[in-house]
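# Analysis of the macromolecular model
Below, each chain spelled out in residue letters.
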Amino acid sequence: MGKTDIKSLTLGEIGAQFAGMGLPRFRAGQVFRWLSRGAGSFEGMSDLPLPLRQQLDGEYRITSAVVARKQVSKLDGTVKYLFRLWDGEYVESVLMRYRYGLSLCVSTQVGCKMGCGFCATGKSGFLRDLLAGEILSQVQSASIDSGERISHIVLMGMGEPLDNYENVLRFLELATCKEGINIGMRSISLSTCGIVDKIYDLAGKRLQLTLSVSLHAPNDAIRSRTMPINRKWGVDELLKACRYYARETGRRVSFEYALIAGVNDSVQCAQELAGKLRGMPAHVNLIPVNDVTGTGYRKSGVPQQKRFAAVLEGKGIAATVRRTLGADIDASCGQLRRRQEAT
Ligand code: SAH
Ligand code: SF4
């Protein structure tokens, strides 16, 4: 607890700390390689002298994400993992198989503070931020368990990534490190409910990351009803930040839009949305809202989904209705929920 998590440190940082301890430079590289491969203790780092392993064990801890439960979808092979963290808290990750490779949807917090009305994570409240090493551990554990390389990461599990900004930036640096798990920044997407000041900050870093914004409504009247964050930053302010992001990074922004029957799925909503996105390099992902117990929201029917997409397309806005993966194991967007009863 009091000890620093060494898995959350970059190779350069480990090097600097080891130099301060009088250790030769190559030791940092050795330890970093072990950590990148998912080593859970110093004990097993067989190319380090035993006294050094003991010394490091006294100085640092190594975070992990232990598979506590695993559900495999019979429909499409999607895997939902429940991981146990060092303090007995749990987070979920979802492994999806696409033509282009394996993509892991990771959690960034235990719970979430944002309280969106349609979201299971939002309903369970907030417990704590994840360390960079704990986000990385989800990727490593899923990769070890599946025996395959994970090529894509989406920060779209439990939690709001931009509400855990420093640790998420650190995770991005670790995940894309050539000496580490070496995932391309273009193969990583970050989904946010719209923390506008952080979107500006992120844009300034000019990372080749895909920004995905959970919009879900074309105007403040509807959005503020389902997403409390909208009372701080309204739709227009959010979209202004997205335009800035697209300009600074040269990347198309992706918008998530969960279609809720009778709330945000009318033709009028589609037209208003198209108007707001005009001229912006954007892509809209339409997701029939997942039924989450207690929210009272129902998904739009297929005709409404098609109609909504057609209006957007008709106005030159790229839109797709997202395929649902892992429906039989509640692995879809917004359905991840911390389970204390898990063993
Ligand atoms: N906090 C971030 C990322 C995690 S939520 C965010 O809000 O973007 C991941 C995605 O699931 C978001 O797009 C979110 O709006 C969506 N989501 C939440 N509950 C949902 C539900 N019941 N049905 C469909 N999508 C949902
Ligand atoms: Fe948090 Fe995202 Fe769920 Fe909103 S949708 S409560 S921001 S996890």
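Keep in mind it's a predicted model, so treat the numbers as computed, not measured.

Judged by nonpolar contacts, the single largest core of 113 residues is most densely connected at Ile6, Phe171, Phe255 and Val284. Viewed by domain, this core spans two of them, domain 1 (4-61) and domain 2 (66-329), each represented by three or more residues.

A few words now on the packing of aromatic side chains. The description of an aromatic ring pair uses the distance of the two centres, along with the angle that the planes make with each other. Evaluated as defined, the whole model comprises 5 aromatic pairs. Summarising the aromatic geometry, the rings of Tyr200 and Tyr244 are spaced 5.1 Å apart at their centres and angled 50° between planes, so their arrangement reads as tilted. Pair noted here: Tyr200 is in helix α7 (residues 196-205) and Tyr244 is in helix α9 (residues 235-249), with a separation of 44 residues, a long-range link. Owing to a relative accessible area of 29%, Tyr200 belongs among the partly exposed residues under this scheme. Exposure remark for Tyr244: the relative accessible area of 25% places this residue in the partly exposed category. Aromatic side chains Tyr257 and Phe308 sit 4.9 Å apart centroid to centroid with 35° between the ring planes, which places their arrangement in the tilted category. Of this pair, Tyr257 sits in strand β12 (residues 253-259) while Phe308 sits in helix α11 (residues 302-314); the two residues are 51 residues apart in sequence, bridging distant segments of the chain. For the pair formed by Tyr257 and Phe308, the shared burial category is buried. Across from the ring centre of Trp86, 4.7 Å away, lies the NZ or CZ of Arg61, which sits over that ring. Its guanidinium or amino end placed over the ring of Phe126, Lys113 lies 4.7 Å from that ring's centre, counting from NZ or CZ.

To continue, consider the site of ligand 2. If you check the shell around ligand 2, you find Cys112, Met114, Gly115, Cys116, Cys119, Gly122, Gly159, Glu160 and Cys193 and nothing else. Considering only residue class, the shell around ligand 2 consists of 5 nonpolar, 3 polar and 1 charged.

Here we come to the domain arrangement of the chain. Domain annotation for the chain reports domain 1 (4-61) and domain 2 (66-329). On a C-alpha basis, the centroid separation for the pair domain 1 and domain 2 is 34 Å. On the domain 2 side, the residues contacting the 13 residues of domain 1 number 15 residues. Roughly 1100 Å² of surface becomes buried between domain 1 and domain 2 when both sides are summed, with 56% attributable to carbon and sulfur atoms. On the domain 1 side of the contact with domain 2, Lys7, Ser8 and Arg61 bury the most area, a combined 41% of that side's loss. Summed over the shared surface of domain 1 and domain 2, the number is 1 salt bridge. For the salt bridge of Glu13 with Arg170, the shortest nitrogen-to-oxygen distance reads 2.6 Å. Where domain 1 meets domain 2, there are 7 residue pairs in polar contact (both at pLDDT 80 or more).

Reading the values: rules and limits
- Residues numbered from 1 in each chain as written.
- Chains lettered and ligands numbered in written order.
- Predicted model: local features only at pLDDT ≥ 70, side-chain atom pairs only at ≥ 80, totals over all residues.
- Heavy atoms only, no water.
- Core = buried A, V, L, I, M, F, W, Y, C linked by side-chain atoms within 4.5 Å.
- Buried < 20%, exposed > 50% of the residue type's maximum accessible area, 1.4 Å probe, protein only.
- Domains from an automatic or database assignment.
- Phe/Tyr/Trp six-rings, centres within 6.5 Å; stacked < 30°, edge-to-face > 60°.
- Helix = DSSP H or I, 4+ residues; strand = E, 2+ residues; numbered from the N terminus.
- Lys NZ or Arg CZ within 6 Å of the ring centre and 35° of its normal.
- Near = heavy atom within 4 Å.
- Nonpolar A, V, L, I, M, F, W, Y, C, P; charged D, E, K, R; others polar.
- Contact = heavy atoms within 4.5 Å.
- Buried area = accessible area lost by both parts, 1.4 Å probe.
- Salt bridge = Lys/Arg side-chain N within 4 Å of Asp/Glu carboxyl O.
- Polar contact = N/O pair within 3.5 Å; in protein donor to acceptor, adjacent residues only side chain to side chain.

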